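Commentary on secondary and tertiary structure
Single-letter residue listing:
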Amino acid sequence: MAALETTIQRAGATGNIKATREDWLKLALETLISDGVERVRVLTLGQKLDVSRSSFYWYFKSRQDLLDQLLDYWRQTNTKFIVERARRPSATVIRGVMSIFECWVDERLFDPQLDFAIRAWARRSPAIRRALDEADEERVNAIRDMFMHHGYDEVDAFVRARVLYFMQIGYYSLELNEPMSSRITYVASYLRSFTGQEPSAEDIEDFSRYVEKTLAGNR
């Protein structure tokens, strides 16, 4: 979420305090993930930021405007990157699936906690439920198209896409805290299961290097 240059300043015991649009969005996002949408309240957020409610209305029309922007942020991260990785040119279907796997490795591309905060929100709101259904469909269809690009027929591609995508969502849902060092040993088997093809040693080596580089960068 890009910060705006304009800030609100409030004189107080600690001096000039700045609350940017990014500050509000960041705290709202953290609250959505940790406590649920019902706790995303203007007064509560303002108290945590130690600013008046008036600063909120400098950036947002209403609480609903803030919630709409949180939903849009989710679309522009979690869904966007899965679709982008599925559409990335790939020489083989193995490489295509590996591109999607990048989203499961790097939480900057796909944040599972945010995704499940949206899923919890969807249980309370028909509108969010529709948005979630649309996102799931868009993600699966992008993965399906990737399989079709590599020669799978439409039905086979669709089923493989659903298996790949919903298996990972289920993995997050079960809160399996499997270390990456263990997960990486299964990559060849996962690739074989999802594609029906045998990954090469080079495929596995390249993905292992990607994982190591990503984890090192996230520390």
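Each residue is numbered by its place in its chain's sequence as written, counting from 1. With the structure being a predicted model, the display of local features is reserved for residues of pLDDT at least 70 and the display and counting of side-chain atom pairs for 80 or more, all residues being used for whole-chain, interface and lining totals. For side-chain calculations, the full set of non-hydrogen atoms in the structure is used, while hydrogens and water are omitted.

Pairing of aromatic rings covers Phe, Tyr and Trp, the last counted by its six-membered ring, and requires centre-to-centre distances within 6.5 Å; plane angles under 30 degrees mean stacked, over 60 mean edge-to-face, and any other angle means tilted. Applying the stated rule across the entire model yields 14 aromatic pairs. Centroid distance W104 to F110: 5.4 Å. Interplanar angle 85 degrees. Geometry classified as edge-to-face. Taken as a pair, W104 and F110 share a single burial class, namely buried. Here the aromatic rings of W104 and Y172 are separated by 6.4 Å at their centres, their planes lie at 75 degrees, and the arrangement is edge-to-face. Separated by 68 residues along the polypeptide, W104 in helix α5 (residues 93-105) and Y172 in helix α8 (residues 154-173) bring together distant segments of the chain. Only protein chains enter the accessibility calculation, which uses a 1.4 Å probe. A residue is then buried if its area is under 20% of the maximum for its type, exposed if over 50%, and partly exposed in between. Given a relative accessible area of 15%, Y172 falls into the buried group. Pairwise contacts between aromatic rings join W24, F56, Y57, Y59 and F60 into one cluster. Here a helix means four or more residues in a row that DSSP labels H or I, a strand means two or more in a row labelled E, and each is numbered from the N terminus.

Positionally, Y152 belongs in the loop between α7 (126-149) and α8. On the basis of relative accessibility, which here comes to 12%, the residue Y152 falls in the buried class. The sequence separation of Y152 and S182 amounts to 30 residues, and the corresponding C-alpha distance is 30 Å. Ignoring any residue separated from it by four or fewer positions in sequence, one finds Y152 in contact with V93, F147, A157, R160, T195 and Q197. Pairs of residues are marked as contacts when any of their non-hydrogen atoms sit within 4.5 Å.

Grid points spaced at 1 Å over the protein atoms alone were grouped into cavities, where a 1.4 Å probe fits but cannot get out, and pockets, open sets with protein on both sides within 12 Å along at least five of seven lines, with lining residues defined by an atom within 4 Å of a point. Grid points are joined across faces, edges and corners, and a volume is the space filled by probe spheres set on the points. Here the largest pocket defines a volume of roughly 510 Å³. The wall of the largest pocket is formed by 17 residues, among which E107, P112, Q113, Y172 and N177 lie closest to the centre. When contributions to the lining of the largest pocket are tallied by element, the ones reaching two or more residues are α5, α6 (112-122), α8 and α9 (180-183). Considering each element in turn, the lining of the largest pocket owes the most residues, four residues, to α6.

Time to look at the side chain of D136. Tracing the backbone through its elements, the reader meets D136 in helix α7. For D136, a relative accessible area of 10% puts it in the buried group. Counted as a polar contact is a pair of N or O atoms within 3.5 Å, where, for protein atoms, one must be capable of donating a hydrogen and the other of accepting one, and residues adjacent in sequence contribute only when both atoms are in side chains. A distance of 2.5 Å separates polar atoms of two side chains, one belonging to D136 and the other to Y165. Every residue in contact with D136, bar those within four places of it in the chain, is listed here: R119 and Y165.

Packed helix pairs are characterised by how far apart their axes lie and by the angle those axes make with each other. Between α5 and α7, whose axes approach to 9 Å, the crossing angle comes to 160 degrees. By the angle between their directions, the pair α5 and α7 is classed as roughly antiparallel. Crossing of α5 over α7 shows right-handed handedness. Facing α5, whose interface residues are V93, G96, V97 and I100, α7 presents I143, M146 and F147. Note on residue classes: Ala, Val, Leu, Ile, Met, Phe, Trp, Tyr, Cys and Pro are nonpolar, Asp, Glu, Lys and Arg are charged, and everything else, Gly too, is polar. A class-by-class count of the residues in the contact of α5 with α7 yields six nonpolar, one polar and no charged. Only the stretch in contact is used when fitting a helix axis, every axis being a line fitted to C-alpha atoms; angles between N-to-C directions are given from 0 to 180 degrees. For classification purposes, angles smaller than 35 degrees are called roughly parallel, those larger than 145 roughly antiparallel, those between 65 and 115 roughly perpendicular, and all remaining angles oblique. For any pair of crossing helices, the crossing counts as left-handed if the nearer helix is rotated counterclockwise from the farther one by less than a right angle, and right-handed if it is rotated clockwise.

What follows deals with empty space enclosed by the protein. For the coordinates displayed, the defined rule picks out one cavity of 30 Å³ or more. The space that makes up the largest cavity amounts to roughly 170 Å³. Here the lining of the largest cavity takes four residues from α8, the largest share from any one element. Of the residues that constitute the lining of the largest cavity, the class distribution is 12 nonpolar, one polar and two charged.

Right, let's get into α8. When the terminal C-alpha atoms of α8 are compared, their 28 Å separation across 20 residues agrees well with the 28 Å that a helix rising 1.5 Å per residue should span. Residues A157, A161, L164, Y165, Q168, I169, Y171 and Y172 constitute the buried set of α8. Projected down its long axis, α8 carries its buried residues within an arc of 160 degrees, all on one side. Buried residues belonging to α8 abut α4 (63-87), α5, α6, α7, α9 and α10 (187-195). If you check the start of α8, you find a side-chain oxygen 3.1 Å away from the backbone N of V155, and it comes from D153. Two residues or fewer after α8 comes E175, characterised by a positive phi angle close to 55 degrees. Helix span is expected to be 1.5 Å times the residue number reduced by one. By definition, the arc is the one covered by directions from the helix axis to the C-beta atoms.

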